[in-house]
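Reading the structure
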Amino acid sequence: MELAIKVQNEDGLHARPAGILAKAISQFTSKVELSVGEKKINAKSIMSIMSLGLKGGDEILFSAEGEDASSVIEKIKCLFESNFQE
Amino acid sequence: MAKSMLKGLAVSEGYAQGPVVVINFAHPEIQSGKANDIAAELKRFNDAIKKSEDQIQNLIKKKGAFLGSDEKKIFEAHLMMIADPEFTDQIATKIRDEQAFATRAVHEVAKGFADMLAALDDPYMQERSHDVKDISSRILRNLTGQSFELKQDTQKMILVTNDITPSLVAELDDENTLAVVCSQGGSTSHAAILLRNLEIPALFGVENVTVLLQGGDKVLVDAITGDLSIHPSEAEENLFAEKIKKYAIEKQELLELKDKDAVTGDGTRVFLYANIGSPAEVAALKKFNPDGIGLFRTEFLYLERKAPPTEDEQFEIYKFTLQAMNNKKTIIRTLDIGGDKEVPFLKIPKEENPFLGLRGLRLCLEREEIFRPQIRALLRASVYGQLYVMYPMVTTVAEFLAAQKLVEEEKDKLTKAGVKISPSIKYGIMIEIPAAALMAEAFVPYVDFFSLGTNDLIQYTCACDRQNPTVKNLYSSFEPAVYKLIEHTARVSQKYNKELSICGEMGGQTKVTSFLLGTGIRHLSMSGTLIPKVKKKLKDLNIEQCKALMPQLNDAKTALDVENILKRPNC
């Protein structure tokens, strides 16, 4: 299952949203990867997400594989739409 | 011993003098070579991770009260990083595949991530790379059994070091640490933020300081100018001691003011409120103890997102804010945005002159699908505190009535759906457009309160953009034309007993407080950090003297005239 997102926040994805994202995705068993351009990383890793150096306007792609793939994709969608309000 | 003066960057304000303790942090030993017992190395690593997590949890618990919410987040981010599966997996893999000692594996993997983050063209990410190094340090110290606690005698001292991390700052005995001097570090680093929160004066970037000083040496730390005096003379020490005393007295005065009501020298109560732009700022208001919120700007809900905030999302935020204010007056301003700001989902058509165009209440009345959810969220949240709803950029009574019609409709719908709404919500307007100021009396039968948005009032009255360098000299807090409008509004408010507050910058400018008091205004709203200063200023003012200024101010012909009148003693 895939989800394409355009990063809205001008500053990209800082530690707090990256952490919330990684933490939320880690609750699911599926393998989730985040790719931007040529780079692809493990979306359960806060450090890997941050190291992508995402900026506002970046087009990113989440791909989930596993039993709860659709649930994790849904969760990711909600997080971005609510701008990471916990 | 030569006397000298070193220079650094004052990252946390204050003064300190005393003996130093010099600590040069050496990196824990990284073992190269191959480990024989891989299982043992893996266990050591996992134990070190667990220990590190426990230490950080304890730190958050122990020092939580002193750490601001942002700072607590630093340590929470540390916890998340330690739990990062890529981080721990890569280290475990290195131990297994390369038979690396745990220390080398941790050091190399952490360095890899730290370097990746440091390489990003973003100062924020470069700071995060320091976080990774901080975590790596902690894990390594736990691996090598090094004590993480800074052994401090119960003697007051100034810490001089070559490296400072948030973890280290959090471990400091802040009672006995008079100041911190570090040869490295940047002002926005988290260690600096923590030192500011703990109110420990600090100088960073003092080159070679750990080489130039020995334990026991006396220094004078001036964390206002950034000067570090080494081996001061007795005369210098005495002078400095006086400086410290004076500074402490000033600080204490401000602290004492916090819990006292704001009153003038003659005992007249003045109400001081805070302006905020997000719910995150509410927590910080505690230390200023405002009489309420005079302006809660709601634009943050609409900026930097691709979809408008939902009614529920807004409801949670307004509810949170009202509850946090504990029934103190809370003025929430409806969306005040226009074509000058990039808000894709609003799709405001391109205007020749957005500042005289569809913005503020005009935009909301035009775009009910944006306005109604905000109104509904406010109505629903009203039961949680003392809510004042304020409309921006109002020109005519008709606009206010149109807004109120919408409010009544939504109130009706909610009530029919069984939702409780507070019967005592107040509705009012920003007075920032000259027409509204001049016609304040026309609004009187309909509004519950007024709030003067002096920034825009000055701009619209003088037809100048304060951001435009070619005309910004026309923008002045001393402009007599604006004073006439403020005075007129104040007179109307007093005649009809309508609450009037100031929420523009003038509210927090002590150079014009006497004028505002002289007009009869008693409610001032400002950035929280200005409250102590204004409180102090009020004590130097006397209402009768302020009133006595009015005839002279009325005669003033220029901003300079006004400034000179207000510059006089006791003004």
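Located above this text is the structure these notes cover.
1. Digging into the overall build of chain A
Summing up its helical and strand segments, chain A has three helices and four strands in all. Starting at the N terminus and ending at the C terminus, chain A contains elements arranged as β-α-β-β-α-β-α. Within chain A, buried positions represent 53% of all 86 residues. Within chain A, residue pairs in contact and separated by at least 24 positions form 72% of the contacts whose partners lie at least 6 positions apart. Approximately 4,200 Å² of chain A is accessible, and the part contributed by carbon and sulfur atoms is 44%.

2. A few points about the interface of chain A and chain B
Interfaces are frequently sized by the accessible area removed from exposure as the parts join. In this complex, chain A contributes 23 residues to the contact, which on the side of chain B involves 21 residues. Contact between chain A and chain B buries roughly 2,100 Å² in total, counting both sides, with carbon and sulfur atoms accounting for 66%. By the criterion of area lost to chain B, the three top residues of chain A are Gln8(A), Met47(A) and Met50(A), representing 29% of everything that side buries. Summed over the shared surface of chain A and chain B, the number is zero salt bridges. Put simply, chain A and chain B have four residue pairs in polar contact (both at pLDDT 80 or more) between them.

3. Describing the layout of surface pockets
Residue and element names in this part refer to chain B. Put simply, the second largest pocket is a space of about 1,100 Å³. For the second largest pocket, the lining is made up of 40 residues, of which Asp336, Asn455, Asp456, Gln459 and Arg466 are closest to its centre. Among the secondary structure elements, those contributing two or more residues to the lining of the second largest pocket are β10 (292–297), α17 (454–462) and β16 (523–527). In terms of residue count, the dominant contributor to the lining of the second largest pocket is α17 (five residues).

4. Some words on the packing of aromatic side chains
Within the structure shown, the criterion is met by 11 aromatic pairs over all chains. Here Phe80(A) and Phe84(A) contribute two aromatic rings whose centre-to-centre distance is 5.1 Å and whose plane-to-plane angle is 70°, an arrangement assigned as edge-to-face. Centre to centre, the rings of Tyr15(B) and Tyr247(B) are 5.1 Å apart; their planes meet at 85°, and the pair counts as edge-to-face. One end of the pair, Tyr15(B), is in strand β3 (residues 14–23); the other, Tyr247(B), is in helix α9 (residues 234–258), and 232 residues separate them in sequence. Taken together, the aromatic side chains of Phe62(A), Phe80(A) and Phe84(A) make up a single cluster linked through ring pairs.

5. Digging into the packing of helix α13 (residues 368–381) of chain B against helix α14 (residues 397–416) of chain B
All names here are of chain B. Direction vectors running N to C along α13 and α14 enclose 60°, while the axes themselves pass 10 Å from each other. Comparing their axes, α14 and α13 come out oblique. Of the two elements, α13 crosses α14, and the hand of that crossing is right-handed. Residues Glu368, Phe371, Arg372, Ile375, Arg376, Leu379 and Arg380 of α13 lie in contact with α14, whose contacting residues are Ala403, Leu406, Val407, Glu409, Glu410, Lys411, Lys413 and Leu414. When grouped by side-chain class, the residues that make up the contact of α13 with α14 number seven nonpolar, no polar and eight charged.

6. Section: the environment of Phe84(A)
Relative to the helices and strands, Phe84(A) resides in the segment after α3 (69–81). Each C-alpha atom of the pair Phe84(A) and Pro17(A) lies 5.9 Å from the other, and the pair is 67 residues apart in sequence.

7. Some details on the sheet that holds strand β11 (residues 329–333) of chain B
All names here are of chain B. Here eight strands make up a closed barrel; going around it, the order is β9-β10-β11-β12-β13-β14-β15-β16 and the pairing parallel. For this sheet, the mean inter-axis angle between neighbouring strands, taken without regard to orientation, is 25°. As paired elements, β11 and strand β12 (residues 386–391) share five bridges and run parallel to each other. Among the inter-strand pairings, Arg333 is bridged to a residue of β12, identified as Met390. Contacts from α14 reach β12 and β13 (426–431) within the one sheet, and its direction differs from that of β13 by about 150°. Across the sheet, helix α20 (residues 531–539) lies against β9 (271–276) and β16, angled at about 160° from β9, the strand it touches most.

8. Observations regarding the sheet that holds strand β1 (residues 4–7) of chain B
All names here are of chain B. The mixed open sheet is built from eight strands, whose spatial order is β1-β8-β7-β3-β4-β5-β6-β2. Edge positions in the sheet fall to β1 and β2 (9–12), since each of these pairs with one other strand and no more. Strand-to-strand twist across the sheet, computed as the mean angle between neighbouring axes with direction ignored, equals 30°. As paired strands, β2 and strand β6 (residues 202–204) are joined by three bridges and run antiparallel to one another. Within β6, the position partnered with Leu9 by the bridge is Phe204. Contacts from α9 reach β3 and β7 (218–223), with the element oriented near 120° to β3.

9. Description of empty space enclosed by the protein
All names here are of chain B. The final tally for this structure, using the stated rule, is two cavities of 30 Å³ or more. In this structure, the largest cavity occupies an estimated 60 Å³ of space. Of all elements in the fold, only α18 (480–495) and α21 (543–555) reach the threshold of two or more residues within the lining of the largest cavity. If one sorts the elements of the lining of the largest cavity by residue count, α18 sits on top with four residues. Looking at the lining of the largest cavity residue by residue, the class counts come to five nonpolar, one polar and two charged. Counted as a void, the second largest cavity has a volume near 30 Å³.

10. Quick word on α21(B)
Taken together, the buried positions of α21(B) are Ile543(B), Cys546(B), Leu549(B), Met550(B) and Leu553(B). Of the residues flanking the start of α21(B), the one acting as N-cap is Asn542(B), its side-chain oxygen 3.0 Å from the backbone nitrogen of Glu544(B).

11. A short note on the side chain of Ser476(B)
Residue and element names in this part refer to chain B. Looking at the element boundaries, Ser476 is found in the loop between α17 and α18. Residue classification places Ser476 among the buried residues on the basis of a relative accessible area of 16%. A distance of 2.9 Å separates the side chain of Ser476 from the backbone nitrogen of Phe478, its partner in a polar contact. Each residue touching Ser476, except ones within four places of it in the same chain, is listed here: Ile458 and Ala559.

Basis of the calculations
- Residues numbered from 1 in each chain as written.
- Chains lettered and ligands numbered in written order.
- Predicted model: local features only at pLDDT ≥ 70, side-chain atom pairs only at ≥ 80, totals over all residues.
- Heavy atoms only, no water.
- Helix = DSSP H or I, 4+ residues; strand = E, 2+ residues; numbered from the N terminus.
- Buried < 20%, exposed > 50% of the residue type's maximum accessible area, 1.4 Å probe, protein only.
- Contact = heavy atoms within 4.5 Å.
- Areas by Shrake-Rupley, 256 points an atom, 1.4 Å probe, with all protein chains shown as cover.
- Buried area = accessible area lost by both parts, 1.4 Å probe.
- Salt bridge = Lys/Arg side-chain N within 4 Å of Asp/Glu carboxyl O.
- Polar contact = N/O pair within 3.5 Å; in protein donor to acceptor, adjacent residues only side chain to side chain.
- 1 Å grid on protein atoms, 1.4 Å probe; cavity = no way out; pocket = protein on both sides within 12 Å on 5 of 7 lines; lining within 4 Å.
- Points joined across faces, edges and corners; volume = space filled by probe spheres on them.
- Phe/Tyr/Trp six-rings, centres within 6.5 Å; stacked < 30°, edge-to-face > 60°.
- Axes fitted to C-alpha atoms, helices over the stretch in contact; angles between N-to-C directions.
- Parallel < 35°, antiparallel > 145°, perpendicular 65-115°, else oblique.
- Left-handed = near helix turned anticlockwise from the far one by under 90°.
- Nonpolar A, V, L, I, M, F, W, Y, C, P; charged D, E, K, R; others polar.
- Pairing = 2+ DSSP bridges.

Limitation: the analysis is restricted to geometry and does not speak to function.
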